[in-house]
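This is what each chain is made of:
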Amino acid sequence: MIRKLQPSDIEQTMQIWLAGNLEAHHFVSKEYWITNYESVKEQLLQADVYVYAQGQEIQGFVGMSQTYLAGIFVLKTCRSKGIGRKLIQFIKQNYPTFSLHVFQKNKRAVDFYLREGLQIVTHGVDKDTKEADYLMKWV
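Right, let's walk through the structure included here. (Residues numbered from 1 in each chain as written. Predicted model: local features only at pLDDT ≥ 70, side-chain atom pairs only at ≥ 80, totals over all residues. Heavy atoms only, no water.)

### Quick notes on the overall build of the protein chain
Here's step 1: On a plain count of helices and strands, the protein chain comes out with 4 helices and 7 strands.
Here's step 2: Reading the protein chain from its N terminus to its C terminus gives the helix and strand order β-α-α-β-β-β-α-β-α-β-β.
Here's step 3: The globule rule puts the C-alpha radius of gyration for 139 residues at 14 Å, and the 14 Å found for the protein chain is close to it.
Here's step 4: Along the first, second and third principal axes, the C-alpha atoms of the protein chain reach 40 × 35 × 30 Å. (Helix = DSSP H or I, 4+ residues; strand = E, 2+ residues; numbered from the N terminus. Rg over C-alpha atoms; globule rule 2.2 N^0.38 Å.)

### Thoughts on helix 1 (residues 10–24)
Here's step 1: Spanning 15 residues, helix 1 covers 21 Å between terminal C-alpha atoms, matching the ideal 21 Å at 1.5 Å per step.
Here's step 2: Along helix 1, the positions that sit buried rather than exposed are Ile10, Thr13, Met14, Ile16, Trp17, Leu18, Gly20 and Asn21.
Here's step 3: For helix 1, the elements touching its buried residues are helix 2 (30–46), strand 2 (48–54), strand 3 (57–65) and strand 4 (68–74). (Expected span 1.5 Å × (residues − 1). Buried < 20%, exposed > 50% of the residue type's maximum accessible area, 1.4 Å probe, protein only. Contact = heavy atoms within 4.5 Å.)

### Brief notes about the environment of Ser65
Here's step 1: Within the fold, Ser65 resides in strand 3.
Here's step 2: Classification of Ser65 as partly exposed rests on a relative accessible area of 43%.
Here's step 3: In the structure, Ser65 is positioned 17 residues away from Asp48 in sequence and 6.3 Å away in space, judged by C-alpha atoms.

### Let's talk about the nonpolar core
Here's step 1: In terms of nonpolar packing, the biggest core is built from 23 residues, with Leu69, Ile72, Ile91, Phe98, Leu100, Val102 and Tyr113 touching the most fellow members.
Here's step 2: Broken down by secondary-structure element, the contributors of at least two residues to this core are strand 2, strand 3, strand 4, helix 3 (83–94), strand 5 (98–103), helix 4 (107–115) and strand 7 (132–138).
Here's step 3: Beyond its immediate chain neighbours, meaning those up to four positions away, Leu69 contacts Val62, Gly63, Met64, Ile88, Ile91, Phe98, Ser99, Leu100 and Tyr113.
Here's step 4: Ranked by size, the runner-up nonpolar core spans 18 residues in total, among them Trp33, Tyr37, Val51 and Phe61. (Core = buried A, V, L, I, M, F, W, Y, C linked by side-chain atoms within 4.5 Å.)

### So, the packing of aromatic side chains
Each aromatic ring pair is summarised here by two numbers: the centre-to-centre distance and the angle between the ring planes.
Here's step 1: All chains considered together, the criterion is met by 8 aromatic pairs.
Here's step 2: Taking 4.8 Å as the distance between ring centres and 80° as the angle between the ring planes, the aromatic pair formed by Tyr32 and Trp33 counts as edge-to-face.
Here's step 3: Owing to a relative accessible area of 7%, Trp33 belongs among the buried residues under this scheme.
Here's step 4: By way of ring pairs, the aromatic residues Trp17, Tyr32, Trp33 and Tyr37 are connected into one cluster.
Here's step 5: Sitting over the ring of Trp138, Lys92 keeps its end group 4.5 Å from the ring centre. (Phe/Tyr/Trp six-rings, centres within 6.5 Å; stacked < 30°, edge-to-face > 60°. Lys NZ or Arg CZ within 6 Å of the ring centre and 35° of its normal.)

### Concerning the pattern of salt bridges
Here's step 1: Under the definition given, this model contains 9 salt bridges.
Here's step 2: Linking Lys92 and Glu116 is a salt bridge whose minimum nitrogen-to-oxygen distance equals 3.3 Å. Highlighted residues: Lys92 in helix 3 and Glu116 in the loop between helix 4 and strand 6 (119–125), separated in sequence by 24 residues.
Here's step 3: With its nearest N and O atoms 3.2 Å apart, the salt bridge here joins Glu131 to Lys105. Residue Glu131 is found in the loop between strand 6 and strand 7, and its partner Lys105 is found in the loop between strand 5 and helix 4; the two are separated by 26 residues along the sequence.
Here's step 4: The exposure class of Glu131 is buried, given its relative accessible area of 13%. (Salt bridge = Lys/Arg side-chain N within 4 Å of Asp/Glu carboxyl O.)

Encoded structure:
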């Protein structure tokens, strides 16, 4: 079931965020993610975050800041079960247009977004990590 993030969900959600970033972005230093942990935690509480939960277990989440998709994260043991697809479909139904940035080296995420109908708009470089990225849009 997809529902709004509750304050009591934040620790589970942040653990999924950290583990997902460390795994998917091995090309970015581990310290970068650890250093940004508290800042992201504060941002999640201010953004529109939706979790996919089974009972008390959060298996994935998506965060939106206005029309910017800040990320989709799925618990490693729950990947390839359609949770990411359900989350992106939920966003498509509720946000007629949105954009996101994704690292070019994160091929799995790039392929997922392309499969879901997003388009690459521009190539760029992330200012914090200096890694090449794409700006993608759903229109």
